[in-house]
Amino acid sequence: MEDKQIVVAALSPLVGEHLDEEKIAQLIEKPSNAEHGDLAFPVFQLAKAFRKAPNLIAQELVEKIDGAHFDKVEAVGPYINFFLNRKEKSNEIISQVIKEDSHYGEVDLGHGGTVVLDYSSPNIAKPMSMGHLRSTVIGNSLDLMHQKMNYKTVSVNHLGDWGTQFGKLIVAYKGWGDEATVRKDPVNELVKLYVEFHEKSEEDPSLEDQGRAAFKKLEDGDPEMTELWTWFKDESIKEFEKVYDLMGISFDHYTGESFYNDKMEDKLQILADKGISTVENGATLVYLDDEELPPALVKRSDGATLYITRDIATAYYRKETYNFVKSLYIVGNEQANHFRQLKAILKRMGNDWSDDMVHIAFGLITLEGKKLSTRKGKIVLLEAVMNEAMELALEQIEAKNPDLENKEEVARQVGVGAVIFHDLKSDRMNSFDFKLSEVVQFEGETGPYVQYTYARAKSLLEKYGKELKADEIYELTDEYAWAVIKKLAEYSDTLVAATEKYEPSMIARYVIQLAQAFNKYYGNVRLLNDDDQLAARMALVKATSIVLKDGLSLLGVEAPENM
Ligand code: ARG
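What you see is a predicted model; the values in this text were computed from it and never measured. (Residues numbered from 1 in each chain as written. Predicted model: local features only at pLDDT ≥ 70, side-chain atom pairs only at ≥ 80, totals over all residues.)

(A) Highlighting the nonpolar core. Residues Ala 389, Val 511, Leu 540 and Leu 548 are the most contacted members of the largest nonpolar core, which totals 107 residues. Element by element, the count of residues in this core is highest for helix H22 (residues 534-555), at 12 residues. Sequence-distant contacts of Leu 548, defined by excluding residues within four places in its chain, comprise Val 450, Thr 453, Tyr 454, Ala 457, Val 511, Leu 514, Ala 515 and Ala 559. (Core = buried A, V, L, I, M, F, W, Y, C linked by C-beta atoms within 7 Å. Buried ≥ 20, exposed ≤ 12 C-beta atoms within 10 Å, placed from the backbone. Helix = DSSP H or I, 4+ residues; strand = E, 2+ residues; numbered from the N terminus. Contact = placed C-beta atoms within 7 Å.)

(B) Representation of the sheet that holds strand E6 (residues 278-280) in the model. The strand order across the open sheet built from three strands is E6-E7-E8, with neighbouring strands paired in antiparallel fashion. Every other strand in the sheet has two partners, leaving E6 and strand E8 (296-299) as the edge strands with one partner each. Between one strand and the next, the sheet's axes are offset by a mean angle of 45°, whatever the strand orientation. Both E6 and strand E7 (residues 283-286) contribute to a ladder of three bridges, which runs antiparallel. Looking at the pairing, Thr 278 lines up with Leu 285 of E7. (Pairing = 2+ DSSP bridges. Axes fitted to C-alpha atoms, helices over the stretch in contact; angles between N-to-C directions.)

(C) Geometry of the packing of helix H16 (residues 407-425) against helix H18 (residues 447-464). Axis separation between H16 and H18 bottoms out at 8 Å; the angle between their running directions is 125°. The angle between H16 and H18 places the two elements in the oblique class. Contact residues: H16 offers Val 414, Gly 417, Ala 418, Ile 420, Phe 421 and His 422, while H18 offers Gly 447, Pro 448 and Gln 451. For the contact of H16 with H18, the residue count by class is five nonpolar, four polar and no charged. (Parallel < 35°, antiparallel > 145°, perpendicular 65-115°, else oblique. Nonpolar A, V, L, I, M, F, W, Y, C, P; charged D, E, K, R; others polar.)

(D) A look at the packing of helix H21 (residues 504-524) against H22. Orientation of H21 relative to H22, taken along the N-to-C sense of each, is 155°, at an axis distance of 9 Å. Taken together, the axes of H21 and H22 lie roughly antiparallel to each other. The element H21 and its partner H22 pack so that their crossing is left-handed. Across from Pro 504, Ile 507, Ala 508, Tyr 510, Val 511, Leu 514, Ala 515 and Phe 518 in H21, the residues of H22 making contact are Thr 544, Val 547, Leu 548, Gly 551, Leu 552, Leu 554 and Leu 555. Residue composition of the contact of H21 with H22, grouped by class: 13 nonpolar, two polar and no charged. (Left-handed = near helix turned anticlockwise from the far one by under 90°.)

Fair warning: the whole summary comes from geometry, so function is off the table for now.
In structure tokens form, the structure reads like this:
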């Protein structure tokens, strides 16, 4: 039984006439100070019914309560403090974790329904930005969390691979680009060509028209244009995949904007037929005044479609193809209005499922004050960030554990894990700046700290060397063990809340707290001491290692066995 339910069951026979079970459950608190018990119930709401001072009500109830599942029940002022039966509870939790192993914490929120997650979605011929990194790590974590909560997930990389800019790039490349140079360092060279295009077009405005014409040809399937565009795209994906590979991330689909090139016309037709859009000076717009949103341009006067037009077609495609129960867009907060417009338009087109589309926004991160930007060719490549993180990790491993095998691989897990963890640790809407040297640290509230704790637990288990079966009795009652056990018991509630709020940060903070509780246990109790509680302690170590590893894995962070 869940802890709260134990208290509800104890109180309900005594106060049931005045408060129903749901209300009792709502009133139950989890005291932050362990001296006030594991759970507490304030009696204020019973004052009228009992016609007594709250402290007297608390005393009266305590005398009558059935204490079967508690070590102690106490009245303190207007509160009843409940101390759970530690023997019972510790055995229950430890056995459950060991038995369920990586399935511990699962909750059937999704009933197998499909969630589509659109994340990362960088733009080709440009380097991936910090914003795309955020989208990638948040999206990947939400993907994993939803799987754990029994959703089917479909991950889509909605590449920015369509639009007039690719016409411009083709004009630039054909005009003054060099194949060999581009082949050597594709994305950087393409960015250079694009920057030069804008410089040159200030002197020669006809370039803009040439760019538009080239894109038109591409839209119409011109073989030469298509070949160049495909090349740019393939090279870009290769570059993106270097970063994805480091992070162990893969996508079910790379269906970018170009995929919808032939899927927009009928949607524009619906907009026209239903009188949702209006044509002004040759351009097609949807006014969204009722929704207090700026009008959305869906077709330019030259016939070109836009980002939002493709997103309209995309939403239909996803509903028709996957019949999602939820469709998530993990995209920076600066696109909030875009997604409001998108949902409003779809709704007007008669699609109630647009309510199931959620824009998962996030704040901006910067690296030592610098934004990763493509302007003026000043680029901090993500890959370079990851490489530096791995080097920093390697330095620390060399210092702490010079004999470690496969140091390079562990350095990847720690360095990359540190960056991901840091990104996920604060509420996603927060903007923040970070320094790699602070992120790749084995102490403090960092990814490596949690990883290190996991490795410590694994090494204790290895020293112990015996099997720990789920059906043995493992009873622990001391304060330090109890703090760990209570944390373990909170796992599934934490996962549910994190999934419902789309907040991986709740899991990141949870694993930090679990690691902290465990390290206190480790620091204060001789865990490997050969006494009659040895097996119980090792079982708790094992349970902790299972949950630390699982929690990290839901963040997309690996857990090396040794480090
Ligand atoms: N490529 C876009 C950008 O970099 C993000 C795309 C997000 N997904 C979507 N369906 N609009 O800003």
